[in-house]
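# Structural description and commentary
The chain contents come next:
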Amino acid sequence: MNGPVPVKTDRAGTRSNRALSKSRRAEKLIKSTLFLVSTVSIVIIGLIFLFLFREGVPIFKVESIRSFLFGRYWYPTYDPPEFGILPMIIGSLAVSLLSSLMAVPLGLLSAIYISELASQRVKEITKPVIELLASIPSVVIGFFGMVVMAPFLQSTFDLYTGLNVFNASIMLAVMAVPTISSLSEDALNAVSRELREASYALGANRWETISRVVVPAALSGICTAVILGMSRALGETMVVLMVAGGAAAIPRSIFDSCRPLPASIAAEMAEAPFRSDHYHALFATGIVLFVMTFCFNLLADYISHKYRQTGTATL
Amino acid sequence: MKRTILSLFAMGMLIACLTGITSAGTVVIKGSTTVLPIAQAAAEDFMKANPGVSISVSGGGSGNGMKALIDGSTDIADSSRFIKDKEVKMAVENNRFPVPHRVALDCVVPVVHPDNPLRNITIDQLKGIYSGKIRNWKEVGGKDKKIVVVSRDTSSGTYEVWESKVLGGEKVLPEAMLQASNGAVAQVVSKNPYAIGYLGIGYVNAELKALTVNGVVASPVTALTGSFPVSRELFMFTNGWPTGDTLSFLNYVVSPEGQKLVQREGFVPIYAIE
């Protein structure tokens, strides 16, 4: 819209010209307003990033990065203190891996069913219900895990505690399923009709079409869905705070309790003295968590660009 | 002419401000995060009853509260322990004379699931359990089952009592399930027959069984007499004997109304209130 506007030379010319320049000015104003609004979120992210690093980095004056990341003991209030977050890192990874083992098949298969097999009526019911799962507040899921699931697990499997990696993974899977399912379903829906028709035309049956044509074509979208679901599980705080048990030790089985990174931050931040080593160590824990989820999102972005299905020729 | 009017006006404003400040008193309270809820609740009620007084309450820990009292940046220093000799010396060198006012008792009780047959436990046994040397209920006279140790986050005031009175400086075992609040400890222990936990006396409920320690039942009376071993006194320190609003505030804290707040926040009042 920035090119020269043809000037009309008839009588009405001056008038329409003026109106045109007015509308162009309005457009410019709208454009710059929208630009400002969209930069706000970038600025906010940048500021959060800066703040996180400014508050977290000072801990590395007292504790080396190596002993912070790989130390096995977390005793922030003792003298001398120990700031090792390895048990928390492993706790976080264990919980999110196990929860994706549960959530990926559930989410993916339900997406395939809804997108490819379900009748219109079934689709109209199942899709909103699965998405409703996403709107349950995490504290409610955590409460359910603590009050219902933990005693159930404990009595059924004769465990010493129901607040463990397994329970937390189930609860996180419940939260990740809607993300994985609805994003995968979008990816499956986006596979073009001609691909399916071509597959049927070649004599493939429904199962062959789904497993060999539709799913591979939507693979990048599905991978993105899975990774975003996992990164949600990694950053989720309330559920792991309530359900994982809180032991700052490396879990030796899925029935041991653990203390994922977000739970550690949430539980201790309120009582850590301002700008103390403990406070800085918690911010540094935040940096580690941030880097982990950032890597996940970067990976999702990379996969979705690299393996994007462009047209029908690349299959 | 204009200038003199202006300067007169400014002076008038200044005087108004100054008198305003002196008539509406301010009390600054800093220190222990354990005493913080008591100070906060008392300050809210006190300000409601005395609209002219403004009280600012902040945490930061007992040590920081003492430091603030010594350098004169606070009127009251909350402390979950008695003043240290070193701090007394520093205060006197700064020409300040700290006066302790006992405002409440903090009594922490070990609890187990009601199905647990155990009734009594000794401090040494508790120390063994929490430092990881005792791992089976059998060793303290219970069933042959693993002990599930529930503790508070190491930065909480309740943990601080436990650390000084039970652990005696030893570290809590890493496998202990650290919970973020007294309520969470109560929740976990009441649902787990193998668990042991501890919480402020105000949080013990019917779904938990409070253990006697060295044969002494935890109660406001045993906490007051000092026979229950896991309790400590909570203080507010002032510089010299308090005067003015600081005095009326402290009087309010130790009055029956103030002590009711102490009880409401889960602590033990310094005398029996009905």
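Every value quoted in this text rests on a predicted model; they were computed, and no experiment measured them.

## Remarks on the domain arrangement of chain B
All names here are of chain B. Examined at the domain level, chain B breaks down into domain 1 (2–105 + 234–264) and domain 2 (106–225). One C-alpha centre belongs to domain 1, the other to domain 2; they are set 35 Å apart. Each side of the interface is counted separately: domain 1 has 6 residues, and domain 2 has 6 residues. Regarding the contact of domain 1 and domain 2, the summed buried area is about 480 Å², with carbon and sulfur atoms giving 51% of it.

## Here's the deal with the packing of helix 4 (residues 86–117) of chain A against helix 10 (residues 219–235) of chain A
All names here are of chain A. At a minimum axis separation of 9 Å, helix 4 and helix 10 run at an interaxial angle of 140°. Taken together, the axes of helix 4 and helix 10 are oblique relative to one another. For the pair helix 4 and helix 10, the sense of crossing is right-handed. Contact residues: Ser92, Ser96, Leu97, Ser99, Ser100, Val104 and Leu108 in helix 4; Ile222, Val226, Met230, Ala233 and Leu234 in helix 10. Class assignment of the residues belonging to the contact of helix 4 with helix 10 gives a composition of 8 nonpolar, 4 polar and no charged.

## Quick notes on the interface of chain A and chain B
Contacts between chain A and chain B engage 28 residues on the former and 32 residues on the latter. The contact between chain A and chain B buries some 2,400 Å² in all, and 54% of this surface belongs to carbon and sulfur atoms. Three residues stand out in chain A for area buried against chain B, namely Tyr78(A), Tyr160(A) and Glu271(A), and they jointly supply 30% of the buried area on that side. The interface formed by chain A and chain B includes 3 salt bridges. In this structure, Glu82(A) and Lys171(B) form a salt bridge, with 2.5 Å as the shortest nitrogen-oxygen distance. Where chain A packs against chain B, one counts 12 residue pairs in polar contact (both at pLDDT 80 or more). Among the secondary structure elements, those contributing two or more residues to the side of chain A that touches chain B are helix 6 (138–156) and helix 12 (261–268) of chain A. For the side of chain A that touches chain B, the leading source of residues is helix 6 of chain A, giving 4 residues. Here the residues of the side of chain A that touches chain B sort into 15 nonpolar, 7 polar and 6 charged.

## A few points about helix 9 (residues 244–254) of chain B
Within an α-helix, residues lying three or four positions from one another point in the same direction, as the helix has 3.6 residues per turn. Buried residues of helix 9 of chain B: Thr246(B), Phe249(B), Leu250(B), Tyr252(B) and Val253(B), and no others. Taken down its axis, helix 9 of chain B places every buried residue within 155° of arc, on the same side.

## Points about the packing of helix 9 of chain B against helix 10 (residues 256–264) of chain B
Residue and element names in this part refer to chain B. Packing of helix 9 against helix 10 leaves a shortest axis separation of 4 Å and a crossing angle of 60°. Between helix 9 and helix 10, the angle falls in the class oblique. When helix 9 is examined against helix 10, the residues Tyr252, Val253 and Val254 are found in contact with a partner set consisting of Pro256, Glu257, Gly258, Gln259 and Leu261. For the contact of helix 9 with helix 10, the residue count by class is 5 nonpolar, 2 polar and 1 charged.

## Quick word on the packing of aromatic side chains
Under the definition given, this model contains 20 aromatic pairs over all chains. On the numbers, 5.4 Å between centres and 70° between planes, the contact of Phe166(A) with Phe255(A) is edge-to-face. Separated by 89 residues along the polypeptide, Phe166(A) in helix 7 (residues 165–189) and Phe255(A) in the loop between helix 11 (238–243) and helix 12 bring together distant segments of the chain. Judged by its relative accessible area of 28%, Phe255(A) is partly exposed. An aromatic cluster of at least three residues, connected via ring pairs, comprises Phe49(A), Phe53(A), Phe290(A) and Phe294(A). In this structure, Lys171(B) packs its charged tip against the face of Tyr78(A), placed 5.8 Å from the ring centre.

## Considering the pairing of strand 6 (residues 148–152) of chain B
Residue and element names in this part refer to chain B. Of all 5 residues making up strand 6, 5 are buried, and the element is well covered by its neighbours. Of the two faces of strand 6, both are covered, the one formed by Val148, Val150 and Arg152 as well as the one formed by Val149 and Ser151. In terms of strand pairing, strand 6 meets strand 8 (residues 195–200) through 2 bridges, oriented parallel. Bridging across to strand 8, Val149 finds its partner in Ile196. In the sheet, strand 6 pairs with strand 7 (residues 177–179) via 3 bridges, with the strands oriented parallel. Looking across to strand 7, one finds that Val150 is bridged to Met177. What joins strand 6 to strand 7 is helix 6 (residues 157–167), and the crossover it makes is right-handed.

About the thresholds
Residues numbered from 1 in each chain as written. Chains lettered and ligands numbered in written order. Predicted model: local features only at pLDDT ≥ 70, side-chain atom pairs only at ≥ 80, totals over all residues. Heavy atoms only, no water. Domains from an automatic or database assignment. Contact = heavy atoms within 4.5 Å. Buried area = accessible area lost by both parts, 1.4 Å probe. Axes fitted to C-alpha atoms, helices over the stretch in contact; angles between N-to-C directions. Helix = DSSP H or I, 4+ residues; strand = E, 2+ residues; numbered from the N terminus. Parallel < 35°, antiparallel > 145°, perpendicular 65-115°, else oblique. Left-handed = near helix turned anticlockwise from the far one by under 90°. Nonpolar A, V, L, I, M, F, W, Y, C, P; charged D, E, K, R; others polar. Salt bridge = Lys/Arg side-chain N within 4 Å of Asp/Glu carboxyl O. Polar contact = N/O pair within 3.5 Å; in protein donor to acceptor, adjacent residues only side chain to side chain. Buried < 20%, exposed > 50% of the residue type's maximum accessible area, 1.4 Å probe, protein only. Arc of directions from axis to C-beta. Phe/Tyr/Trp six-rings, centres within 6.5 Å; stacked < 30°, edge-to-face > 60°. Lys NZ or Arg CZ within 6 Å of the ring centre and 35° of its normal. Pairing = 2+ DSSP bridges. Right-handed = clockwise from strand over helix to strand, strands pointing away.

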